Structure formats: C-alpha cells, structure tokens
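Close look at the chain arrangement
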Amino acid sequence: MYASCETMQLNTFQKHAAQGDDAWIAAQDVNCEKASDVCGQLHLVKGNACFRLAKAGTAPADNYTCAADELAQGLALKQSWKDPAAHRRFQEYLCESLSNLQDLQAGATDEKTLVRLTNAAEALHRIAPGSVPAIYYLAMARLRQVQPLLADMSAADRLPVCNRLKRTLTGVLSMMQ
C-alpha cells in the first residue's frame, strides 16, 4: 500500500468513525504493517471500533479479539504520540479488551490471553505508573496468574504466592492513599 493510499484509508476511517459507523470500520481490512504513525493510527481506529462494538454487546468474543489484535498492532506501529493521554487511553482499551476477552475463554487460549494482558498491563504501568487503570490491570493480571495455584497449593508454593499477593495488595493500597 502506498503512503497516499494509507492516508486516504485513514481519512475514510476517520469519517466513518465521526459518523459512529463502527461496524463498517471493523469489517475493513488494514494491510499496513510498517512502523509509521499512519499505519499505527489505521490499526488504532479499527481497534477502537471493534472495542466499542464489543462493549455494546455485538459479538463480544469476535470484537474483543479484533480490538485486542488491532490495538496491539497500532500501539506497536505508532512511532510518536503528540497527545500522551491518547497513548494511555489506547493502552487502557487494550487492557480492557484483553481482560474481557479472557473472561470469555478457557484453557490454553485463556492462558495466552493472560500473558498478553500481563504484558499490556505492564506497558500501561510504564506509561502511567500512578494511574488507577495501570494499578488495576496490573493487579488483576497478577491475581489471575496465581488463581490456579490457590486450589492445590503446597507448603513450598505458599511463600511465593503469598509474596506475590502481598506485593499486589501493597500496590493497590498505596494507590488508594
């Protein structure tokens, strides 16, 4: 795709986004994979449309998957942020998409999504370390990591799990103060 075609597609996406036409945007292919602000923005606009559709209850599993994939791609490709709040907001949307997607999954797929959620939460924490969403998603990911261990916890496992839970609780409590 040529740079002018990418820019034209972005302009078209933005027009449809302004009209609230999320279904149209979500149905479009984004074939731009190079590190650039335009390619990154294309994926972010599509990811945001899928996110809104999923939150509205339209095919949540499919649209949260779309949102997670497109937002992650957009965040990876976008090279600069004129508005740090927008960067943070898209990272929060990614965390929420992954969290909600994981709630709809089980087994190996659930575990892969938890890894992605943990990575996204850590990235959000690096972007906005004192923010409530950063603490929330990081704590959620850590709790979900230890949850399977709680049922059959041996004495040897107890100390590392308790330490992880204590660090998580300490982070949440310090944020609340």
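Coordinates for the structure precede this section.
All figures in this text were calculated on a predicted structure; none of them were measured in a lab.

**Focus: the overall build of the protein**
Counting its secondary structure elements, the protein contains 8 helices and 0 strands. Walking the protein from its N terminus toward its C terminus, one meets helices and strands in the order α-α-α-α-α-α-α-α. In the protein, which comprises 177 residues, the proportion classed as buried is 41%. Long-range contacts, defined as pairs at least 24 residues apart, comprise 58% of the intrachain contacts of the protein with a sequence gap of at least 6.

**A few points about the nonpolar core**
Side chains that are nonpolar tend, in soluble globular proteins, to be buried together. Leu71, Leu94, Cys95, Leu98, Leu117 and Tyr137 are the most contacted members of the largest nonpolar core, which has 27 residues in total. Sorting the residues of this core by element identifies α3 (37-55), α4 (60-77), α5 (84-103), α6 (107-127) and α7 (132-150) as the ones contributing at least two each. Counting residues per element, this core draws most heavily on α4, at 6 residues. The residues touching Leu117, leaving out its near neighbours within four places in the chain, are Cys95, Leu98, Ser99, Gln102, Met140, Ala141 and Arg144. Phe13, Ile25, Cys32 and Ala49 belong to the second-largest nonpolar core, a separate cluster that totals 10 residues.

**Comments concerning the packing of α3 against α4**
Running from N to C, α3 and α4 cross one another at 155°; their axes reach a closest spacing of 7 Å. Relative to α4, α3 is oriented roughly antiparallel. Crossing geometry of α3 relative to α4 is assigned as left-handed. Each of Cys39, Gly40, His43, Leu44, Lys46, Gly47, Asn48, Cys50, Phe51, Leu53, Ala54 and Lys55 in α3 lies in contact with α4, whose residues at this interface are Pro60, Asn63, Tyr64, Cys66, Ala67, Glu70, Leu71, Gln73, Gly74, Leu75 and Leu77. Partitioned by chemical class, the residues of the contact of α3 with α4 number 13 nonpolar, 7 polar and 3 charged.

**Description of the packing of aromatic side chains**
Under the criterion given, the structure shown has 5 aromatic pairs. Arranged with centres 6.2 Å apart and planes meeting at 40°, the rings of Trp81 and Phe90 form a pair that is tilted. Judged by centre distance (5.0 Å) and plane angle (75°), the rings of Tyr136 and Tyr137 are edge-to-face. The class for Tyr136 is partly exposed, based on a relative accessible area of 46%. Following the ring pairs from residue to residue traces out a cluster consisting of Phe51, Trp81, Phe90 and Tyr93. The ring of Trp81 has Lys78 sitting right over it, with the charged end atom 5.1 Å from the ring centre. In this structure, Arg89 packs its charged tip against the face of Phe90, placed 5.6 Å from the ring centre.

**Quick notes on α4**
Counted at 1.5 Å a residue, the expected span for α4 with its 18 residues is 26 Å, and the 25 Å between its end C-alpha atoms agrees. Listed in full, the buried residues belonging to α4 are Asn63, Tyr64, Cys66, Ala67, Ala68, Glu70, Leu71, Gly74, Leu75 and Leu77. As for α4, its buried residues are in contact with α2 (22-27), α3, α5 and α6.

**Structural notes on the packing of α5 against α6**
With their axes 9 Å apart at the nearest point, α5 and α6 run at an angle of 160° to one another. Comparing the axis directions of α5 and α6 gives the class roughly antiparallel. Helix-helix and strand crossings are classified by hand; for α5 and α6 the assignment is left-handed. Contacts between α5 and α6 pair His87, Arg88, Gln91, Glu92, Leu94, Cys95, Leu98, Ser99, Leu101 and Gln102 from the former with Asp110, Thr113, Leu114, Arg116, Leu117, Ala120, Ala121, Ala123, Leu124 and Ile127 from the latter. The residue makeup of the contact of α5 with α6, split by class, is 11 nonpolar, 5 polar and 4 charged.

The rules we used
Residues numbered from 1 in each chain as written. Predicted model: local features only at pLDDT ≥ 70, side-chain atom pairs only at ≥ 80, totals over all residues. Heavy atoms only, no water. Helix = DSSP H or I, 4+ residues; strand = E, 2+ residues; numbered from the N terminus. Buried < 20%, exposed > 50% of the residue type's maximum accessible area, 1.4 Å probe, protein only. Contact = heavy atoms within 4.5 Å. Core = buried A, V, L, I, M, F, W, Y, C linked by side-chain atoms within 4.5 Å. Axes fitted to C-alpha atoms, helices over the stretch in contact; angles between N-to-C directions. Parallel < 35°, antiparallel > 145°, perpendicular 65-115°, else oblique. Left-handed = near helix turned anticlockwise from the far one by under 90°. Nonpolar A, V, L, I, M, F, W, Y, C, P; charged D, E, K, R; others polar. Phe/Tyr/Trp six-rings, centres within 6.5 Å; stacked < 30°, edge-to-face > 60°. Lys NZ or Arg CZ within 6 Å of the ring centre and 35° of its normal. Expected span 1.5 Å × (residues − 1).

By themselves, these are just geometric observations and shouldn't be taken as functional.
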